[in-house]
Each structure stands twice: as C-alpha cells, then as structure tokens.
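Reading the structure
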Amino acid sequence: MTLTAQPAVSASIQCPATALVCRNCGAEFPLTPIHACADCFGPLEVGYDQAVLATVTREQIESGPKNLWRYAGLLPVGQEPDSRVSLNPGLTPLIHAPGLAAELGMTSVWIKDDSANPTHSFKDRVVSLAATAAHGFGFRRLACASTGNLANSVAAHAARAGWQSTVFIPSDLEPGKVVQTAVYGGRLIAVDGSYDDVNRLTSELQETDEFEDTAFVNQNVRPYYAEGSKTVGYEIAEQLGWRIPAQVVIPVASGSLLTKVDKAFRELVAAGLVEGTPWKIFGAQSSGCSPIATAFAEGHDVVRPVKPTGIAKSLNIGNPADGPYALDAVRRTGGSIVHVGDAEIVEGIRILARTAGVFGETAGGVTVACLQELLASGGLDAAAETIILNTGDGLKTLGPVAEVVGPTMTIKPALKAAREAGLLD
Ligand SMILES: *Cc1c(COP(=O)(O)O)cnc(C)c1O
Ligand SMILES: [Zn+2]
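Residues numbered from 1 in each chain as written. Chains lettered and ligands numbered in written order. Predicted model: local features only at pLDDT ≥ 70, side-chain atom pairs only at ≥ 80, totals over all residues. Heavy atoms only, no water.

Another point: the overall build of the chain. Scanning the chain from terminus to terminus reveals 16 helices and 13 strands. Taken over the C-alpha trace, the chain has a radius of gyration of 22 Å; the compact-globule value for 425 residues is 22 Å, and the two agree within 12%. For the chain, the C-alpha atoms occupy an extent of roughly 80 × 60 × 50 Å along the three principal directions. A total of 425 residues make up the chain; the buried ones form 56% of that total. In the chain, 70% of the contacts between residues at least 6 apart in sequence involve partners at least 24 apart. Accessible surface, the chain: about 17,600 Å² in total, of which carbon and sulfur atoms supply 54%. A distance of 4 Å separates the average location of the 32 positive side-chain charges in the chain from that of its 44 negative side-chain charges. (Helix = DSSP H or I, 4+ residues; strand = E, 2+ residues; numbered from the N terminus. Rg over C-alpha atoms; globule rule 2.2 N^0.38 Å. Buried < 20%, exposed > 50% of the residue type's maximum accessible area, 1.4 Å probe, protein only. Contact = heavy atoms within 4.5 Å. Areas by Shrake-Rupley, 256 points an atom, 1.4 Å probe, with all protein chains shown as cover. Lys, Arg positive; Asp, Glu negative; His and termini not counted. Charge placed at Lys NZ, Arg CZ, Asp CG, Glu CD.)

For the rest of this paragraph, the subject is the pairing of strand 10 (residues 247-251). Most of strand 10 is tucked away: five of the five residues are buried. Going residue by residue along strand 10, you find Gln247, Val249 and Pro251 tucked away on one face and Val248 and Ile250 tucked away on the opposite face as well. Judged from the five bridges that link them, strand 10 and strand 11 (residues 280-286) form a sheet pairing that is parallel. Bridging from a neighbouring strand, Val248 pairs with Ile281 of strand 11. Following the backbone out of strand 10, through helix 10 (residues 256-270) and into the adjacent parallel strand 11, one traces a crossover that is right-handed. (Pairing = 2+ DSSP bridges. Right-handed = clockwise from strand over helix to strand, strands pointing away.)

The zinc ion (ligand 2) binds to the protein through Cys22 (SG), Cys25 (SG), Cys37 (SG) and Cys40 (SG); the donor distances cover 2.3 to 2.4 Å. In this structure, the zinc ion (ligand 2) is coordinated by four donor atoms arranged in tetrahedral fashion, with angles at the metal of 99 to 116 degrees. Between consecutive donor residues of the zinc ion (ligand 2), the sequence gaps follow C-x2-C-x11-C-x2-C. Of this pair, Cys22 sits in strand 1 (residues 17-22) while Cys37 sits in the loop between strand 2 (28-29) and strand 3 (44-48), and the two are 15 residues apart along the sequence. (Donors = N, O, S within 2.8 Å, 3.2 Å for Na, K, Ca; no water. Tetrahedral: all angles 85-135°; square planar, octahedral: opposite > 155°, others 65-115°.)

Looking now at the pattern of salt bridges. In total, this model carries 25 salt bridges according to the counting rule given. We note a salt bridge from Asp328 to Arg332, for which the minimum N-O separation is 3.4 Å. Highlighted residues: Asp328 and Arg332, both in helix 12 (residues 323-333), separated by four residues, approximately one helical turn. Its relative accessible area of 42% is what places Arg332 among the partly exposed residues. A salt bridge links Lys416 to Glu420; the nearest nitrogen and oxygen atoms lie 3.2 Å apart. Here the residue Lys416 and the residue Glu420 both occupy positions in helix 16 (residues 415-420), the gap between them amounting to four residues, near one helical turn. Connected through shared salt-bridge partners, Arg23, Glu45, Arg222, Glu227, Lys230, Lys260, Lys263, Glu267 and Asp322 make up one network. (Salt bridge = Lys/Arg side-chain N within 4 Å of Asp/Glu carboxyl O.)

Right, let's talk about the sheet that holds strand 9 (residues 215-216) for a bit. The strand order across the open sheet built from four strands is 8-7-6-9, with neighbouring strands paired in parallel fashion. Either end of the sheet is taken by a strand with one partner, and the two such strands are strand 8 (187-191) and strand 9. Across the sheet, helix 5 (residues 149-161) is in contact with strand 6 (141-145) and strand 7 (164-170); its angle to strand 7 comes to roughly 170 degrees. (Axes fitted to C-alpha atoms, helices over the stretch in contact; angles between N-to-C directions.)

A few words now on the site of ligand 1. If you check the shell around ligand 1, you find 15 residues, and the closest are Lys123, Asn149, Ser254, Leu257 and Thr391. In this structure, an oxygen atom belonging to ligand 1 sits 2.6 Å away from a side-chain N or O atom of Ser254. Residue Ser256 places a main-chain N or O atom 3.5 Å away from an oxygen atom belonging to ligand 1. Protein burial of ligand 1: of its 390 Å² of free accessible surface, 97% is covered by the chains. For the shell around ligand 1, the class distribution of residues is seven nonpolar, six polar and two charged. (Near = heavy atom within 4 Å. Polar contact = N/O pair within 3.5 Å; in protein donor to acceptor, adjacent residues only side chain to side chain. Nonpolar A, V, L, I, M, F, W, Y, C, P; charged D, E, K, R; others polar.)

Let us now look at the state of the cysteines. Tallied over the entire structure, the rule returns zero disulfides. Cys144 forms no disulfide, and the closest cysteine sulfur to it belongs to Cys289, at a distance of 18 Å. (Disulfide = S-S within 2.5 Å.)

Right, let's talk about the domain arrangement of the chain for a bit. When its domains are assigned, the chain resolves into domain 1 (17-84 + 123-225) and domain 2 (94-120 + 229-402). On a C-alpha basis, the centres of domain 1 and domain 2 stand 22 Å from each other. Carbon and sulfur atoms supply 47% of the area buried between domain 1 and domain 2, which totals about 3,200 Å² over both sides. Joining domain 1 to domain 2, the criterion identifies nine salt bridges. (Domains from an automatic or database assignment. Buried area = accessible area lost by both parts, 1.4 Å probe.)

Taken as a class, soluble globular proteins show a tendency for nonpolar side chains to be buried jointly. Judged by nonpolar contacts, the single largest core of 78 residues is most densely connected at Leu74 and Leu142. Broken down by element, this core gets its largest block of residues, seven residues, from helix 4 (residues 123-137). Each of two domains, domain 1 (17-84 + 123-225) and domain 2 (94-120 + 229-402), supplies a minimum of three residues to this core. In this structure Leu74 touches Pro16, Tyr48, Leu53, Val56, Ile61, Lys230, Tyr234, Glu267, Leu268 and Leu273, once residues within four positions along its chain are discounted. Ala97, Ala145, Val198 and Ile311 belong to the second largest nonpolar core, which has 41 residues in total. (Core = buried A, V, L, I, M, F, W, Y, C linked by side-chain atoms within 4.5 Å.)

So, about the side chain of Ser146. Examined against the element boundaries, Ser146 turns out to sit in the loop between strand 6 and helix 5. Overall, Ser146 belongs to the buried group, its relative accessible area being 1%. Engagement of the side chain of Ser146 in a polar contact is seen with the backbone nitrogen of Gly148, the distance being 2.7 Å. A polar side-chain atom of Ser146 sits 2.8 Å from the main-chain amide nitrogen of Ala151. Here Ser146 is in contact with Ala151, Phe168, Ile169, Pro170 and Tyr195, once residues within four sequence places are set aside.

Rendered as structure tokens:
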C-alpha cells in the first residue's frame with residue numbers, strides 16, 4: 001500500500017474524429033466549418049480513428065448521461081460536458097408494439113419514438129451536434145433552412161444558449177410548426193417558395209458578410225449536424241440489449257437520417273460493441289415527394305429533383321442532398337425505398353395511434369403506410385424483427401387528421417342523454 005494520494009480516475013472521453021472526408025473522392029480536410037470538398041465539391045463527412053472508436057465500451061456508455069451524450073465517445077464533438085450547446089435530447093423510448101404487429105400480420109415490431117425529444121422531433125439530435133460544433137468554432141448565432149422540425153429545434157437551442165437565431169421556412173408550413181418556432185423568440189423568416197428555394201437562399205446568405213459569423217446548422221456545419229442522427233442507431237442497438245435489428249424503416253427527406261442509422265450500425269460492429277448480424281434498411285417517402293424512391297424503382301444512381309406536394313411537409317425536400325448515399329445504403333443492405341399517398345399517410349397515423357398509443361406526425365404516417373406497402377410487395381419480411389421510426393409528434397400536424405377524426409358523438413350532460421345515445425346498451 002502506498003500512502004501517496006491516488007490520481008482521480010479520469011472519466012474524460014477522447015474525441016474520435018480525425019478529419020472531414022469527401023464522400024465522393026475521399027480527400028481529407030481539417031475539422032473546420034466547411035461542408036464541401038475543395039477538390040470535387042462532394043459532400044464532406046466526419047471521419048474517425050477506428051482505434052479510438054474501439055476503446056469505447058458498453059459500460060462507459062451505460063454509465064453516461066440519459067441522453068445522446070452517453071455516446072460522446074462515438075461523436076465528433078461534445079466530449080466535455082461544458083462544451084455542449086444542447087437541450088440534451090435522445091434516449092427516447094423504444095416501444096414494443098404487439099398490437100401494431102398483429103394488425104399488420106407481423107411477428108415483432110418496435111417503435112423508436114423520437115417525438116419524446118425536447119422539441120418533439122428527431123431534429124434535436126442533429127441540432128445538438130451542430131450547435132456544439134458551432135460553439136467550438138466560435139459561432140454564437142444559428143440559422144437554418146427548414147421543413148419545420150429543424151426550425152423548432154434551432155430556435156429552441158438558440159433560446160437556451162442565449163444566442164440569436166434566424167430560421168428560414170417555406171411560408172406554407174403547418175401552423176403548429178410556425179408557432180412552435182416563433183415562440184422561442186428568434187427571427188423567423190417565412191419565404192414564399194418551396195424548401196428547395198429556401199435552401200438555395202440560405203446558401204447565398206451564408207456567403208454574405210452579414211451572415212459570416214452564423215452557423216447554418218444544415219449547411220456550413222452540416223458534417224457535424226449529420227452525425228447527430230447516428231445516435232438513433234446507437235440507441236436502437238443498446239435498447240435491444242446490444243444487438244442490431246433485422247429491419248429498420250426510416251422516413252426520408254434529405255436522406256441523411258437513413259444513411260446515418262446505417263453508419264451507426266457499421267460503427268458499432270467495427271468497434272466490437274455488437275455482433276455483426278445482417279440488417280436491412282428501408283426508406284419511406286410520400287408520393288408527393290419521392291425522388292429517391294423513384295430513382296430506386298428505376299434502378300438509377302442519380303436522383304432527379306422534383307417539385308414537392310402533399311401533406312408530409314417535413315419530408316418535402318425535392319432535391320435531397322443525401323439521395324445517392326441513401327440509395328447506396330438501401331441497396332447494399334438488401335432493403336428498398338417506397339412511397340405512399342396522402343390518404344394512406346393519414347390512415348398510417350391512425351393505425352399507429354390506435355394500435356400502439358403513439359400519435360405521430362405525418363412523417364410517422366408515411367413510415368407506417370410504407371411499412372404496409374413493403375409488406376404487401378414482399379420487400380420486407382413479416383417474420384423478422386422490425387423497427388420503425390416515429391420522428392415527430394402528431395400535435396405538430398393536426399390538420400390532415402382533424403379532417404377525419406373527432407368526437408364519436410356530442411350529448412347533453414344528462415344520464416337520459418347518455419341512454420338515448422346508446423351508451424348504456
Ligand atoms: C427531417 C425529418 C426527417 C428526415 O430527415 P433527413 O433529411 O432525411 O435526415 C424525418 N422525419 C421528420 C419528422 C423530420 O423532421
Ligand atoms: Zn472530393
């Protein structure tokens with residue numbers, strides 16, 4: 001025994017990120033606020049030191065905070081708690097749904113319910129990573145182009161941090177999403193155009209002197225933003241008891257979430273945190289905006305932009321940045337990507353609510369309806385364990401559902417009225 005003081009056991013987590021890597025040509029760049037390759041203009045993605053990733057253990061993760069920062073050892077930023085600019089989203093419920101499985105003739109279905117995040121969608125994950133990266137780069141202002149949920153989350157994160165936010169949205173978004181952004185007090189700019197128009201405008205604004213010191217979460221810090229979506233995949237595996245499910249159905253806008261769930265599974269296997277059992281990735285789009293599903297059906301590698309329509313506004317990106325990578329993930333894993341119409345989407349929302357007690361937004365309806373479509377077409381195995389993602393809260397998109405559900409009946413406050421209405425029969 002020695003009498004000298006023992007050094008405190010260091011709980012510090014090493015940052016595993018080493019560079020930004022071009023997804024197109026493989027060129028590497030330092031970890032700075034850039035998102036496009038200087039050589040070929042391809043999109044940049046965070047690259048990691050596999051040896052550092054492999055030092056992360058299940059125990060380290062399990063003893064971490066009850067939010068996405070438990071995976072800090074697998075993320076590019078946020079290793080130090082003080083460095084985080086975050087509403088601390090994540091570790092959302094993974095709900096076993098036997099009622100939904102029975103309704104659809106399946107063996108085992110789970111719902112990863114990201115409506116439980118602080119601003120009620122999965123976007124809190126990506127914004128937490130983007131805002132933390134922005135903080136590290138010295139930015140103190142956030143901005144974004146959004147289809148709705150990102151707007152909610154950016155405005156809320158900026159409010160919590162005491163930063164300024166400028167959020168750009170298409171002017172025809174759902175009232176719930178507009179109010180839920182405006183209430184946080186930042187600047188909310190409604191643009192008379194589609195999301196793709198808004199996105200083009202913010203790309204141009206980003207180049208101006210006035211926005212030089214602003215982090216556009218899904219543009220100049222997009223590589224860091226995108227890594228936040230990996231935590232959906234990590235959580236699914238951890239919540240299943242450290243294993244990878246056979247099939248996952250994921251709603252698709254830009255395609256980033258889908259590609260990152262696949263990346264998360266690959267990383268977990270490479271780091272020795274789970275066994276390398278096979279998985280299939282399935283994508284879900286709405287027929288009003290299905291450029292990736294269309295490219296999949298036609299066997300193309302290139303995604304032809306479309307002009308979005310339809311009720312699934314959160315997914316209405318007509319020119320999806322991660323389209324080719326989403327196609328690759330789906331094809332490589334043996335999955336597929338399909339689309340469904342507005343009536344089926346509303347029915348999907350109702351089925352999820354009625355059979356599992358989960359009220360999803362239109363994107364959740366897209367996922368359930370696409371699950372039905374995939375079962376009908378035989379692309380998805382009804383007997384294999386399946387995870388579906390509910391990425392947003394139904395209270396955000398009441399409109400299309402309010403048209404088809406309401407009180408069973410309206411009666412006077414009297415027993416007689418209840419009897420006359422047949423409630424005592
Ligand atoms: C943003 C979003 C998605 C998917 O986004 P990607 O751009 O494909 O990563 C899915 N569901 C909801 C509700 C969203 O807001
Ligand atoms: Zn390149």
